[in-house]
Amino acid sequence: MSKPSTQNSLFGLPVIVAALGYFVDIYDLLLFGIVRVPSLRDLGLNEQEVSAIGASIINWQMGGLLLGGILWGVLGDKRGRLSVLFGSIITYSIANVLCGFIQDTPFMSAPDLYKYLRFIAGIGLAGELGAGITLVSEILPKELRAIGTSLVAGIGLLGAVVAYFTVEIFGDWRIAYFVGGGLGFGLLLLRIGVIESGMFTEVSGQKHVAKGDFLSFFTNWERFTRYMKCIGIGLPTWFVIGILATFSNEFGKALGIAEPIKPGLSIMWCYVGLAGGDLASGFLSHYFHSRKKAVAALMAFSGIFSIIYLYAGVNTPFALYSLCTLMGFGIGYWAMFVTIGAEQFGTNLRATAATTIPNMVRGMVILMTTLFAGFKTGTLDVFGAFELTVPQLGVIGAGTLVGIISYALGFYSTLTVPETHGKDLDFIEE
């Protein structure tokens with residue numbers, strides 16, 4: 001199916017709109033991590049409650065991402081990539097505006113309302129990246145796919161920087177949520193001119209082809225292993241973001257840094273590095289003619305600096321924030337990882353795969369924070385059902401344990417997943 005050349009280029013409307021969409025997505029996704037401490041303090045919580053309830057709210061948001069990934073992924077293959085881009089942004093934009101009005105109500109406390117709204121925001125945020133990467137992957141020529149998706153992520157990830165400075169400039173976490181919602185509604189206007197993927201249009205007319213069947217990832221062993229390995233590749237990224245950066249204030253204390261560490265600043269610098277790494281990953285893949293080599297190189301880079309972060313005796317905020325930037329660069333294979341997920345599967349399952357895979361990884365943060373909190377204190381809370389006594393490893397030891405598991409699974413998955421560089425995407429899953 002022929003497509004207009006302007007839509008078919010690196011700087012065509014689909015790439016620009018996908019990049020701006022991911023920019024807004026990241027702004028809203030990371031905003032709670034940036035305002036976690038000041039917003040919860042403003043709601044009257046003490047330091048211990050800020051840590052415990054903050055982790056709970058993060059888990060609710062990640063749970064929303066997990067559920068939303070399935071919802072939007074299935075809709076993307078059944079109804080089209082553009083339907084997801086519109087529906088998801090409306091959902092998370094409304095949720096973010098409402099977050100700016102959070103307060104105690106007669107029927108619910110402010111922290112409870114906060115976690116439910118972040119859950120709804122998570123559902124909305126789950127659709128943006130997968131649908132955008134799928135659309136760009138299917139519209140661009142295969143020789144430009146890696147660079148195009150890297151441009152989407154590299155530009156989009158700067159949303160974290162804007163989120164941080166929005167909070168700093170306005171000095172009010174509520175205004176930051178209003179800005180996020182406003183950016184989302186503004187983005188809807190840009191989406192009007194974007195065309196649907198030709199590959200999806202062709203498949204949508206084939207009534208005999210099963211589309212968006214999420215359960216099909218679990219009914220065929222070979223397809224299941226491909227799917228799980230795609231998830232495994234992404235685990236180190238959210239270990240760095242969800243543990244080392246988000247809880248950097250706790251790591252700073254454990255490392256003996258006298259000046260308080262701001263988690264929001266750690267996250268911002270992590271995403272500055274991540275944006276640079278994502279831009280580099282596409283060119284590395286192009287140079288190596290391999291997705292796997294590019295990802296493995298960047299993963300090793302982030303692993304080395306994660307060890308330095310934990311064990312090199314960091315003793316100044318500058319050194320810690322610098323390491324966040326370097327670790328962020330190393331996990332800058334995020335767009336490449338989502339692209340690999342999209343390229344592994346046929347057109348009838350591609351949006352489901354590309355949308356659920358990154359959100360499965362984000363959902364794994366629930367397990368990561370549970371393990372981190374449990375081994376930090378010596379009491380592992382198993383989904384609120386019961387508690388287990390485990391070795392008390394402290395902040396550094398608990399972080400190390402979660403990191404070992406994340407990187408072991410990440411490297412194994414990267415080295416054993418099928419290579420997809422230069423793969424023709426015009427096929428379906430039987």
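The name given to the chain in an unreviewed UniProt entry is MFS transporter, and the organism recorded there is Runella salmonicolor. Taken from UniProt, the Subcellular location (unreviewed entry) comment for the chain reads in full: "Membrane".

Novice: Explain a nonpolar patch on the surface to me, please; I cannot follow it from the model alone.
Specialist: A cluster of nonpolar side chains, I90, I94, L98, F101, F178 and F185, forms an exposed patch at the surface whose accessible area comes to about 530 Å². The set of elements that each furnish at least two residues to the nonpolar patch consists of α3 (81–99) and α8 (173–190). Judged by its relative accessible area of 42%, L98 is partly exposed.

Novice: How do you make sense of the nonpolar core when you look at a structure like this?
Specialist: Soluble globular proteins: nonpolar side chains tend toward being buried together. Among the nonpolar cores identified, the biggest contains 123 residues, and Y114, F251 and Y271 are the most heavily contacted of them. Ignoring any residue separated from it by four or fewer positions in sequence, one finds Y114 in contact with F32, V35, S39, L40, L43, I57, C99, I102, W173 and Y177.

Novice: When you look at the pattern of salt bridges in this model, what are you seeing that I'm missing?
Specialist: Between side chains of opposite charge, a pair can form when the charged atoms approach closely. On inspection of all chains with the given rule, the structure shows 6 salt bridges. One salt bridge connects R362 with D25, and the closest N-O pair in it is separated by 3.9 Å. Of the two residues, R362 is situated in helix α16 (residues 350–377) and D25 in helix α1 (residues 13–42); the sequence distance between them amounts to 337 residues. Looking at R362, the relative accessible area reads 1%, which means it is buried. With a closest N to O distance of 2.9 Å, E222 and R226 form a salt bridge. On the criterion of helical spacing, the pair formed by E222 and R226 is a turn pair, its members being 4 residues apart in helix α10 (residues 221–245).

Novice: Looking at this structure, I do not really get the side chain of S88. What am I missing?
Specialist: Mapped onto the elements, S88 comes out in helix α3. Every residue in contact with S88, bar those within four places of it in the chain, is listed here: W72, G124, G127 and E128.

Novice: Help me out: how do you make sense of the state of the cysteines in this one?
Specialist: Among covalent bonds in proteins, the disulfide is the one between the sulfur atoms of two cysteines. Under the definition given, this model contains 0 disulfides. No disulfide involves C270; its nearest neighbouring cysteine sulfur is the one of C324, lying 6.0 Å away. Its relative accessible area of 1% is what places C324 among the buried residues.

Novice: Would you mind going over the packing of aromatic side chains with me for this structure?
Specialist: The geometry of an aromatic ring pair is captured by the separation of the ring centres together with the interplanar angle, meaning the angle of the planes. Following the criterion strictly, the structure yields 23 aromatic pairs and no others. Both rings, one in Y164 and one in F165, keep their centres 5.4 Å apart while their planes meet at 80°; by these two values the pair is edge-to-face. Residue F165 is classed as partly exposed on the basis of its relative accessible area of 40%. Ring geometry for Y287 and F288: centres 5.4 Å apart, planes at 65°, overall edge-to-face.

Novice: Explanation requested: the environment of G273 in the structure shown.
Specialist: Within the secondary structure, G273 sits in helix α12 (residues 263–288). Look at G273 and you get buried, because its relative accessible area is 6%. Once residues within four sequence positions are removed from consideration, G273 is found in contact with T325, G328 and F329.

Novice: How should the packing of α10 against helix α13 (residues 291–311) be read in this particular structure?
Specialist: A packed helix pair is summarised by two numbers, namely the angle formed by the two axes and the spacing between the axes. Relative to each other, α10 and α13 sit at 30°, their axes nearing to 10 Å. For the element pair α10 / α13, the angle class is roughly parallel. Pair α10 / α13 crosses with left-handed handedness. Residue-level contacts link I233, P236, F239, V240 and L244 of α10 to V295, M299, S306, Y309 and L310 of α13. When the residues that make up the contact of α10 with α13 are grouped by side-chain class, the tally is 9 nonpolar, 1 polar and no charged.

Novice: Quick question: what am I supposed to make of the side chain of S216 here?
Specialist: Among the structural elements, S216 can be located in the loop between α9 (198–204) and α10. Not counting residues within four places of it along the chain, the set of residues in contact with S216 comprises R223 and L349.

Novice: Got a minute to help me understand α12 in this structure?
Specialist: Along an α-helix, a turn takes 3.6 residues, which lines up residues three or four apart on a common side. The first and last C-alpha atoms of α12 sit 35 Å apart over 26 residues, in line with the 38 Å expected at 1.5 Å per residue. At the exit of α12 stands H289, carrying a positive phi of roughly 55°.

Reading the values: rules and limits
- Residues numbered from 1 in each chain as written.
- Predicted model: local features only at pLDDT ≥ 70, side-chain atom pairs only at ≥ 80, totals over all residues.
- Heavy atoms only, no water.
- UniProt positions renumbered as here; feature names shortened; annotations may be inferred.
- Patch = residues over 30% accessible without salt bridge, like charges linked within 9 Å, V, L, I, M, F, W, Y side chains within 5 Å.
- Areas by Shrake-Rupley, 256 points an atom, 1.4 Å probe, with all protein chains shown as cover.
- Salt bridge = Lys/Arg side-chain N within 4 Å of Asp/Glu carboxyl O.
- Helix = DSSP H or I, 4+ residues; strand = E, 2+ residues; numbered from the N terminus.
- Buried < 20%, exposed > 50% of the residue type's maximum accessible area, 1.4 Å probe, protein only.
- Core = buried A, V, L, I, M, F, W, Y, C linked by side-chain atoms within 4.5 Å.
- Contact = heavy atoms within 4.5 Å.
- Disulfide = S-S within 2.5 Å.
- Phe/Tyr/Trp six-rings, centres within 6.5 Å; stacked < 30°, edge-to-face > 60°.
- Axes fitted to C-alpha atoms, helices over the stretch in contact; angles between N-to-C directions.
- Parallel < 35°, antiparallel > 145°, perpendicular 65-115°, else oblique.
- Left-handed = near helix turned anticlockwise from the far one by under 90°.
- Nonpolar A, V, L, I, M, F, W, Y, C, P; charged D, E, K, R; others polar.
- Expected span 1.5 Å × (residues − 1).

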